[in-house]
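As a plain string of letters, each chain reads:
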Amino acid sequence: MPAVTVPDVTILPRLTAPRPDARPRPVRSVTTAPSGLEGEGFPVRRAFAGVDLADLDPFIHMDQMGEVEYAPGEPKGTPWHPHRGFETVTYIIDGTFIHRDSHGGGGTITDGDTQWMTAGSGLLHIETPPESLVLSGGLFHGAQLWVNLPAALKMSPPRYQDIRSGQVSLLTSADGAALVRVIAGELDGHPGPGVTHTPIALVHASLPAGTRLDLPWRADFNALVYVLAGRGTVGAQGRPVRAGQLAVFGAGDVVTATADAGQESRSPELELLILGGAPIREPVAAYGPFVMNTRAELVQAFEDFQAGRLGTVPSSPVVAS
């Protein structure tokens, strides 16, 4: 995984070891993400499938994109499609994706980059591999997360944040073993570069075989851990997890994960996406690319899309960089 790394993690700032009175968060459930196809047919795992929205709040949806090794001519993206009422966070671990929207936003993201798109009041959007990747084929792997917006912000103007891998805050565990990347929010006093409308934290952690990570976590946030690769255990009770599984944690101050001593050669470390946020606790009416609060707002979103009020597809072609 070429997501941003360092040769020696021991030189990085260290997370604070848990206080003696810190409460380890128990694991409430472990679910396995089913496989599917997205866009023009690229493979995904539906990370949140089968999990109650109340446990996910403020998150709505997450896909693990790939991991897939494309042959020449196989890389795929999505056609133009609308969004309203939430934010998409696209984190690319391997490969390259081009994003473009009807408001003139977008760009190219590659190994370790993140694109944070606030759809807000609405836009049209496209995601596609560059022509060079289509011709050559190659490894593609990433994740896309949907973050809900509260009612007061659902119609905010669209915006983009282009977060390069070099901007991500790099930390290590208290024992100097694990690499922790803070993409958004704040972890143990260390802020990530992503600016969020809804208070959240988004972290990518890599745990070498046999190591443990005790992650200080805000008590007012929920806590979710998704396994991108590898095998290990989570929570104080040591619930087994493997690639493609999501653990939902209960209340507490510390999120705990341990990498199994034996890992597959293709996944020598336990790779985790760790996320949580302050629940919005508002009604959710979601259908397809729209996430609103009421059915009437969903109907309005579809009518606005059909009337062209979410923008029009630009006439110029997507250009690879």
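Let us look at the structure shown here. Keep in mind that this is a model prediction, so the values were computed, not measured. (Residues numbered from 1 in each chain as written. Predicted model: local features only at pLDDT ≥ 70, side-chain atom pairs only at ≥ 80, totals over all residues. Heavy atoms only, no water.)

From N to C terminus, the chain includes three helices and 26 strands. At 19 Å, the chain has a C-alpha radius of gyration in line with the 20 Å of a compact globule built from 321 residues. Based on the C-alpha atoms only, the size of the chain along its principal axes is roughly 60 × 45 × 30 Å. Burial analysis of the chain (321 residues in total) assigns 54% to the buried set. Of the roughly 13000 Å² that the chain leaves accessible, carbon and sulfur atoms contribute 54%. Between the averaged position of the 23 positive side-chain charges in the chain and that of its 33 negative side-chain charges there is a distance of 5 Å. (Helix = DSSP H or I, 4+ residues; strand = E, 2+ residues; numbered from the N terminus. Rg over C-alpha atoms; globule rule 2.2 N^0.38 Å. Buried < 20%, exposed > 50% of the residue type's maximum accessible area, 1.4 Å probe, protein only. Areas by Shrake-Rupley, 256 points an atom, 1.4 Å probe, with all protein chains shown as cover. Lys, Arg positive; Asp, Glu negative; His and termini not counted. Charge placed at Lys NZ, Arg CZ, Asp CG, Glu CD.)

Taken together, the seven strands give an open sheet; going across it, the order is β1-β22-β19-β24-β17-β14-β13, and neighbouring strands pair in antiparallel fashion. Pairing within the sheet leaves two strands with one partner each, and these edge strands are β1 (27-32) and β13 (169-172). Ignoring which end each strand starts from, the neighbouring axes of this sheet average 20 degrees apart. The sheet contact formed by strand β17 (residues 200-208) and strand β24 (residues 269-277) spans nine bridges and is antiparallel. Pairing of Val203 across the sheet is with Ile274, part of β24. (Pairing = 2+ DSSP bridges. Axes fitted to C-alpha atoms, helices over the stretch in contact; angles between N-to-C directions.)

By the definition in use, this model includes 14 salt bridges. In this structure, Arg164 engages Asp113 in a salt bridge whose closest nitrogen and oxygen atoms are separated by 2.6 Å. A residue pair is termed long-range when its members are at least 10 positions apart, and Arg164 in the loop between β12 (159-163) and β13 and Asp113 in the loop between β8 (106-109) and β9 (114-118) qualify at 51 residues. Residue Arg164 is classed as partly exposed on the basis of its relative accessible area, which comes to 31%. What makes Asp113 buried here is its relative accessible area of 3%. Residues Arg218 and Asp220 are paired through a salt bridge, measuring 2.7 Å at the closest nitrogen-oxygen approach. The class for Asp220 is partly exposed, based on a relative accessible area of 43%. (Salt bridge = Lys/Arg side-chain N within 4 Å of Asp/Glu carboxyl O.)

Next up on the list: the nonpolar core. Nonpolar side chains tend toward joint burial in soluble globular proteins. By size, the foremost hydrophobic cluster in this structure holds 34 residues, and its most contacted members are Phe48, Phe59, Leu145, Leu202, Leu224, Tyr226 and Leu273. Those elements that place two or more of their residues in this core are β4 (59-70), β6 (86-94), β11 (138-148), β14 (179-184), β17, β19 (224-229), β22 (245-249) and β24. Those residues within four positions of Phe48 in sequence are excluded, and the remaining contacts are Leu56, Phe59, Ile60, His61, Met62, Leu145, Leu224, Leu246 and Leu275. (Core = buried A, V, L, I, M, F, W, Y, C linked by side-chain atoms within 4.5 Å. Contact = heavy atoms within 4.5 Å.)

Now for the sheet that holds strand β23 (residues 254-259). Spatially, the four strands line up as an open sheet ordered β18-β23-β20-β21, and their pairing is antiparallel. Every interior strand has two partners, whereas the edge strands, β18 (212-216) and β21 (239-242), have only one. The average angle at which neighbouring strand axes cross in this sheet is 25 degrees, direction not considered. Pairing of β18 with β23, which is carried by five bridges, proceeds in the antiparallel orientation. Residue pairing in the sheet places Pro216 in a bridge with Val254 of β23.

In total, this model carries five aromatic pairs according to the counting rule given. With a centroid separation of 4.9 Å and 85 degrees between ring planes, the pair formed by Phe290 and Phe302 is classed as edge-to-face. With Phe290 in strand β26 (residues 290-292) and Phe302 in helix α3 (residues 295-306), this residue pair connects regions lying 12 residues apart in the sequence. By relative accessible area, Phe290 is classed as buried at 0%. Here Phe302 falls in the partly exposed class, since its relative accessible area comes to 26%. (Phe/Tyr/Trp six-rings, centres within 6.5 Å; stacked < 30°, edge-to-face > 60°.)

In most cases, non-glycine residues show a negative phi, while peptide bonds are predominantly trans. A cis amide bond, omega 20 degrees, links Asp57 with the succeeding residue Pro58. Along the polypeptide, Pro58 turns up in the loop between α1 (53-56) and β4. Cis geometry marks the peptide bond from Gly66 to Glu67, where omega comes out at 10 degrees. With respect to the helices and strands, the residue Glu67 is situated in strand β4. With a phi angle near 55 degrees, Asp188 is a residue other than glycine that sits in the positive phi range.

Time to look at the environment of Gly138. The residue Gly138 is located in strand β11 in this model. When the C-alpha positions of Gly138 and Gly238 are compared, they lie 36 Å apart, and in sequence the two are 100 residues distant. Apart from residues lying up to four places away in sequence, Gly138 is in contact with Val68, Glu69, Tyr70 and Leu133.

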